[in-house]
Amino acid sequence: MARNILNIAKYTRTILNQQQIRCYSEASAQFPKITTHYTIKPREKDPRWAEVDMERFVDEADILIVGGGPAGLSAAIRAKQIAAEKGQELRVCLVEKAAEMGGHILSGACLDPVALNELIPDWKEQGAPLNTPVTHDKFSYLTESGKLPIPIFPGWPMDNRGNYVVRLGHVVGWLGQQAEALGVEIYPGTAAAELLFHEDGSVKGIATGDVGIAKDGSPKDTFARGMELHAKTTIFAEGCRGHLSKQLMTRFGLNAQNDPQTYGIGLKEVWEIKPENHQPGLVEHTIGWPLDKNTYGGSFLYHLNEPTPLVAVGFVIGLDYVNPYLSPFQEFQRFKTHPKVRGTFEGGSRIAYGARALNEGGFQSIPKLTFPGGCLVGCGAGFMNVPRVKGSHYAMKSGMLAAESACEAVLSGVTQDKVGLEPTDYTDRIKESYVWKDLYKVRNSRPSFHTGLGLFGGVAYSGFSILVGGREPWTLHHGSPDHTRLKPAKDCKPIEYPKPDGKLTFDLLSSVALTGTNHEGDQPAHLTLKDDSVPVKNNLAIYDGPESRFCPAGVYEYVPNDEGGNMKLQINAQNCIHCKTCDIKDVTQNINWVVPEGGGGPAYNGM
């Protein structure tokens with residue numbers, strides 16, 4: 001079965017490549033045309049679109065929420081709760097690009113239930129899928145062949161007592177059911193593709209994506225225009241590096257007072273292991289090998305209480321790494337071969353794979369949260385506690401607080417200067433909450449790794465900062481953005497990774513097959529390039545093509561362009577698993593991730 005899937009994938013890629021050659025025949029021989037997406041190639045200037053009806057249907061809501069993760073659904077639920085408490089009608093609409101709620105949520109998480117306790121106090125009675133309370137924590141430093149235990153004291157970030165190991169996609173699916181029961185209008189499979197603005201510049205809402213566009217950018221017979229959703233205020237809960245949130249930050253200058261956001265790439269697998277190796281409720285974290293002391297990262301291993309003995313294993317690498325030859329996917333595969341790690345997986349079978357970027361900037365990188373017409377919540381605003389490796393409960397709490405502010409703006413009847421209502425007291429609510437207090441306490445942990453001592457200096461400083469409760473009278477800073485950190489290839493040593501054995505370690509193609517990725521092949525690539533010549537002229541020439549290694553799904557490949565040895569970049573957009581790493585790590589910020597037709601992407605919710 002697996003071989004058939006791989007053969008189909010290879011055949012599909014061959015056909016798509018043939019289509020690409022046909023569609024791009026008008027490009028120059030040296031730098032073939034790659035990007036045909038209308039965000040880069042405007043349709044207004046394309047005669048093929050001259051006679052196409054571009055009118056959109058318009059609908060209106062009181063509160064619109066973009067994104068159906070923990071933050072967005074918590075906002076929706078809280079908004080309807082407030083409307084019920086006040087006895088007022090409130091139309092709350094939520095759009096989600098996944099085909100079903102939780103479908104794009106990368107599962108395998110350790111959840112702090114503090115926000116859920118506030119939002120739905122009787123969640124146990126309501127059947128929330130929190131089935132595995134944490135029973136034991138382990139934290140270790142890995143040498144090349146050994147493991148050194150690191151103590152975990154009560155109240156420290158790695159202390160997970162009272163938390164739950166969950167399949168987060170299942171939790172999100174359950175939250176979606178609760179929201180619908182309250183009257184929230186949820187539209188899954190509906191990607192928010194474009195921002196809409198009032199004449200005064202405030203946010204008016206969003207437009208959903210068009211469908212029926214061929215790979216060469218021309219309209220198909222099946223072309224259908226997206227619709228416009230207008231709202232009095234819009235809550236953006238897109239998750240890490242949301243493409244609309246990124247535009248909002250630029251348009252409204254939301255990052256003017258904060259450090260650049262810094263990120264990590266988290267790769268995860270779900271395994272069914274031998275029963276004798278399974279310990280439901282066990283949570284393990286490691287730092288150290290296989291990474292060098294100057295590369296931030298570590299692993300996690302969560303044992304789930306399911307009908308079969310399942311574990312979720314993952315590896316996180318900071319995207320501020322410097323060696324262009326580093327492959328996060330290969331480092332993850334290598335981690336599983338450690339003598340103190342591999343025993344958990346031997347005799348087991350891998351059943352799922354995925355990857356997702358994570359906000360790691362913390363307190364220093366929180367942007368301005370509100371703007372005329374809306375606000376940012378969850379990971380889109382950077383609410384993640386890096387030492388705790390947690391953000392879901394902050395996402396939920398921020399969504400709840402945003403809903404309270406949005407309801408105040410909508411239901412109070414108080415007029416504002418702009419047509420789009422700004423939930424102005426949302427920022428104050430956040431600053432008075434445990435979200436702000438928690439992130440302030442650990443603000444110096446992540447940037448403390450940016451010294452010559454690397455990992456060892458960061459661990460030592462983090463321990464000190466935790467001991468004093470984050471009360472040190474200074475704040476460290478992250479410095480330059482992640483994409484500026486790569487060194488030229490000539491200054492770095494290539495990394496030789498072992499070949500996969502197909503039992504413990506695997507190749508990219510077979511891994512992508514386990515994500516449930518599904519994109520319509522005949523559509524413009526949603527990984528757009530501002531300049532099609534940059535990858536070969538800059539990325540390949542200077543950095544030896546790092547996008548072919550930092551992408552955890554094999555989207556980017558450099559292939560021969562002619563018999564003279566020239567190369568070209570090939571984008572296998574159908575492989576994309578929506579991790580956003582390319583949008584973050586590309587050295588010239590030439591790559592821009594936009595939503596694919598229909599939302600597309602992987603189906604993680606079975607993880």
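Residues numbered from 1 in each chain as written. Predicted model: local features only at pLDDT ≥ 70, side-chain atom pairs only at ≥ 80, totals over all residues. Heavy atoms only, no water.

Asks: What is the right way to read the sheet that holds strand β5 (residues 136–142) from this model?
Replies: The pairing of strands in a sheet comes from backbone hydrogen bonds and takes either a parallel or an antiparallel form. Judged by pairing direction, the sheet is mixed, and its seven strands sit side by side in the order β6-β5-β15-β16-β17-β14-β18 without closing on themselves. Here the strands that pair on one side only, and so sit at the sheet edges, are β6 (147–149) and β18 (349–359). Averaged over neighbouring strand pairs, the angle between their axes works out to 20 degrees when direction is ignored. Alignment of strand β15 (residues 282–288) against strand β16 (residues 297–303), held across four bridges, turns out to be antiparallel. Bridge assignment links Val283 to a residue of β16, and that residue is Tyr302. Helix α6 (residues 328–335) contacts β5, β14 (263–272), β15, β16, β17 (310–318) and β18 of the sheet and is inclined by roughly 135 degrees relative to β17. (Pairing = 2+ DSSP bridges. Helix = DSSP H or I, 4+ residues; strand = E, 2+ residues; numbered from the N terminus. Axes fitted to C-alpha atoms, helices over the stretch in contact; angles between N-to-C directions. Contact = heavy atoms within 4.5 Å.)

Asks: What is the right way to look at the pattern of salt bridges in this model?
Replies: One side chain can pair with another of opposite charge once the charged atoms of both are near each other. Here the structure, examined in full by the defined rule, presents 31 salt bridges. Lys397 serves as the salt-bridge partner of Glu118, at 2.7 Å between the closest nitrogen and oxygen. With Glu118 in helix α3 (residues 114–119) and Lys397 in helix α7 (residues 392–411), the pair connects residues that are 279 residues apart, well separated along the chain. We classify Glu118 as partly exposed; its relative accessible area is 37%. One salt bridge connects Lys220 with Asp522, and the closest N-O pair in it is separated by 3.7 Å. Of this pair, Lys220 sits in strand β12 (residues 219–224) while Asp522 is found in the loop between α11 (508–512) and β21 (527–529), placing the two residues 302 residues apart along the sequence. Lys220 gets classed as partly exposed once you look at its relative accessible area, which sits at 22%. Bridged by salt links that share partners, the residues Arg78, Glu85, Glu404, Asp425 and Arg429 form one connected network. (Salt bridge = Lys/Arg side-chain N within 4 Å of Asp/Glu carboxyl O. Buried < 20%, exposed > 50% of the residue type's maximum accessible area, 1.4 Å probe, protein only.)

Asks: Just to check I follow, could you spell out the packing of helix α2 (residues 70–86) against helix α4 (residues 168–181) for this structure?
Replies: In helix packing, the relevant descriptors are the interaxial angle and the interaxial distance, both defined with respect to the helix axes. Put simply, α2 and α4 touch, their axes get as near as 9 Å, and they point 20 degrees apart. One way to sum up the angle between α2 and α4 is to call them roughly parallel. Like other packed secondary-structure pairs, α2 and α4 cross with a definite hand, here left-handed. Residues Pro70, Leu73 and Ile77 of α2 form the contact with α4, whose own contacting residues are Val172, Leu175, Gly176, Gln178 and Ala179. By residue class, the composition of the contact of α2 with α4 is six nonpolar, two polar and no charged. (Parallel < 35°, antiparallel > 145°, perpendicular 65-115°, else oblique. Left-handed = near helix turned anticlockwise from the far one by under 90°. Nonpolar A, V, L, I, M, F, W, Y, C, P; charged D, E, K, R; others polar.)

Asks: Would you mind showing me how to read helix α5 (residues 243–251) here?
Replies: Residues separated by three or four positions in an α-helix point in the same direction, a consequence of the helix having 3.6 residues per turn. Among the residues of α5, those classed as buried are His243, Leu244, Ser245, Leu248 and Met249. Elements in contact with the buried residues of α5: β9 (192–197), β10 (203–208), β13 (228–236), β19 (370–371), β20 (374–376) and β24 (591–593). Two residues or fewer after α5 comes Gly253, characterised by a positive phi angle close to 60 degrees.

Asks: Explain the environment of His136 to me, please; I cannot follow it from the model alone.
Replies: Here His136 lies in strand β5. Taking the C-alpha atoms as reference, His136 lies 9.2 Å from Gln279; in sequence the two are 143 residues apart. Leaving out residues up to four positions away in the same chain, His136 has contacts with Gly281, Leu282 and Val283.

Asks: Teacher, can you tell me more about the nonpolar core here?
Replies: Residues Ile63, Phe236 and Phe383 are the most contacted members of the largest nonpolar core, which totals 78 residues. Among the elements that make up this core, the one with the highest residue count is α7 (12 residues). Ile63 has contacts with Ala79, Leu90, Arg91, Val92, Cys93, Ala231, Thr233, Ile235, Ala406, Cys407 and Val410, leaving out every residue within four places of it along the chain. Core analysis: the second largest hydrophobic core is formed by 59 residues, Phe31, Leu529, Tyr558 and Leu569 among them. (Core = buried A, V, L, I, M, F, W, Y, C linked by side-chain atoms within 4.5 Å.)

Asks: Where do I start with the UniProt feature "domain: ETF-QO/FixC ubiquinone-binding" (unreviewed entry) in the chain in this structure?
Replies: Using the residue numbers shown here, the UniProt feature "domain: ETF-QO/FixC ubiquinone-binding" (unreviewed entry) corresponds to residues 263–358. Segment residues 263–358 splits into 8% helix and 45% strand. End C-alpha atoms: 5 Å apart. (UniProt positions renumbered as here; feature names shortened; annotations may be inferred.)

Asks: Just to check I follow, could you spell out the side chain of Ser74 for this structure?
Replies: Position of Ser74 among the secondary structure elements: in helix α2. Sequence-distant contacts of Ser74, defined by excluding residues within four places in its chain, comprise Leu119, Met396, Gly399 and Met400.

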